[in-house]
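Overview (structure and organization)
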Amino acid sequence: MATGQWKGPRSRAAALAALLALAGFTPLPTAAAAPESACRVRTGPYQRDMEAHLRRTVDGVQSAADCYAIRAFQRENGVVPADGYAGVPTFRTMLVVAARPNPNAAGACPVRSYRVTCVDMDRQLLWVQRDRRIVFPPVPVRTGRDYQETRPGWHEVYWRSKDHKSSLYDNSPMPYAQFFDGGQALHGRSEYLYAHGGSAGCVNLKESDAKALWDLLGEGDAVYVWGTKPGTAD
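Throughout this description, residue numbers start from 1 for each chain and increase along the sequence as written. Restriction of local features to residues with pLDDT of at least 70 applies here, the model being predicted, together with a cutoff of 80 or more for giving and counting side-chain atom pairs; totals for whole chains, interfaces and linings are based on all residues. With hydrogens and water stripped out, all remaining heavy atoms of the structure feed into the side-chain values.

**Some remarks on the sheet that holds strand 6 (residues 173–181)**
Keep this limit in mind: At least two DSSP bridges between two strands are required for those strands to pair. The numbering of helices and of strands both runs from the N terminus, where a helix is a DSSP run of H or I of at least 4 residues and a strand a run of E of at least 2. Fitted lines through C-alpha atoms give the axes, limited to the stretch in contact for helices. The angle between two N-to-C directions lies from 0 to 180 degrees. Residue contacts follow a heavy-atom distance rule, with two residues in contact if any of their heavy atoms lie within 4.5 Å.
Across the sheet, nine strands lie side by side as 4-9-1-2-3-8-7-6-5; this open sheet has mixed pairing. Edge positions in the sheet fall to strand 4 (153–156) and strand 5 (159–165), since each has one partner strand and no second. Averaged over all pairs of adjacent strands, the angle between their axes in this sheet comes to 30°, without regard to strand direction. Of the strands in this sheet, strand 2 (125–130) and strand 3 (133–142) touch helix 4 (residues 88–99), which is tilted by about 170° from strand 3. Here helix 5 (residues 207–216) sits on the sheet in contact with strand 1 (115–120), strand 2, strand 3, strand 5, strand 6, strand 7 (184–189) and strand 8 (203–206), set at roughly 50° to strand 6.

So, in structure tokens, the structure goes:
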């Protein structure tokens, strides 16, 4: 075989690379697929609830597969951090997701021909219905803690204040406040929604949800509250 003759595919590839280099062409590096980051195998306080919702074996013990499934749920529903841990934000989001098809399946919120804002303290959910049609889908809320419980029963929105500041609690912001009973109001909360065991009696919503509710309701709208906030006395 003559000197310099190509000896096979590997030699031809090397020669082609040399020619491309002489022409000033630099090939792009091959992109490697980013490996899926490891999922922490840690059992959360709502492990069983999440296993049941995700239709996994309900044993209350986190496995790697459980962790990946919970993390996928978190990513799909905007829970941060999406780490696979079955904590309060994940559980509360799961209640919202589970309620979406029919939040009033148990019939606890009275059905009327007019709009009714339903506040379910058992599940810590709020939605608005008219007849049997849901006009504002369920969202998470924070109702009153022990000794400052949100008052159950029928109420109505009697005053609205978009940029309200609390006169009782050091001018704490209460954006999109819609008062329904005494000093108790539906209003937004920019901080962590699930902190401190509950509110001082108001129905707190994420600020974006409070704004959407503000845009829907008006003075005279009915509000119906029932149930018991978990962790408070009956």
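**Overview of the environment of Ala185**
The line we're drawing: Remark: exposure states derive from per-residue accessible area (1.4 Å probe, protein chains only) relative to the maximum for the residue type, with buried under 20%, exposed over 50%, and partly exposed in between.
With respect to the element layout, Ala185 can be found in strand 7. For Ala185, a relative accessible area of 0% gives the class buried. C-alpha separation for the pair Ala185 and Gly201, spaced 16 residues apart in sequence, amounts to 8.1 Å. Aside from chain neighbours lying at most four places away, what touches Ala185 is Met174, Ala177, Gln178, Phe179, Phe180, Cys202 and Val203.

**Side note on the pattern of salt bridges**
Close approach of charged atoms lets side chains of opposite charge pair. Operational definition: Salt bridge, as used here, is a side-chain nitrogen of Lys or Arg placed within 4 Å of a carboxyl oxygen of Asp or Glu.
For the structure on display, the rule yields six salt bridges. Note that Asp66 and Arg56 form a salt bridge whose closest N and O atoms lie 2.5 Å from each other. Of this pair, Asp66 sits in helix 3 (residues 64–77) while Arg56 is found in the loop between helix 2 (47–53) and helix 3, placing the two residues ten residues apart along the sequence. A salt bridge links Asp215 to Lys211; the nearest nitrogen and oxygen atoms lie 3.2 Å apart. Of this pair, Asp215 and Lys211 both sit in helix 5, four residues apart, roughly one helical turn. We classify Asp215 as exposed; its relative accessible area is 52%.

**A closer look at the pairing of strand 1**
Burial of strand 1 is extensive: five of the six residues sit out of reach of the surface. The turn joining strand 1 and strand 2, which pair antiparallel and follow one another in sequence, is formed by four residues; a positive phi near 55° is taken by Gln124. Inspection of the sheet shows strand 1 paired to strand 9 (residues 222–226) by five bridges, in the parallel sense. If you follow Cys118 over to strand 9, its bridge partner there is Tyr224.

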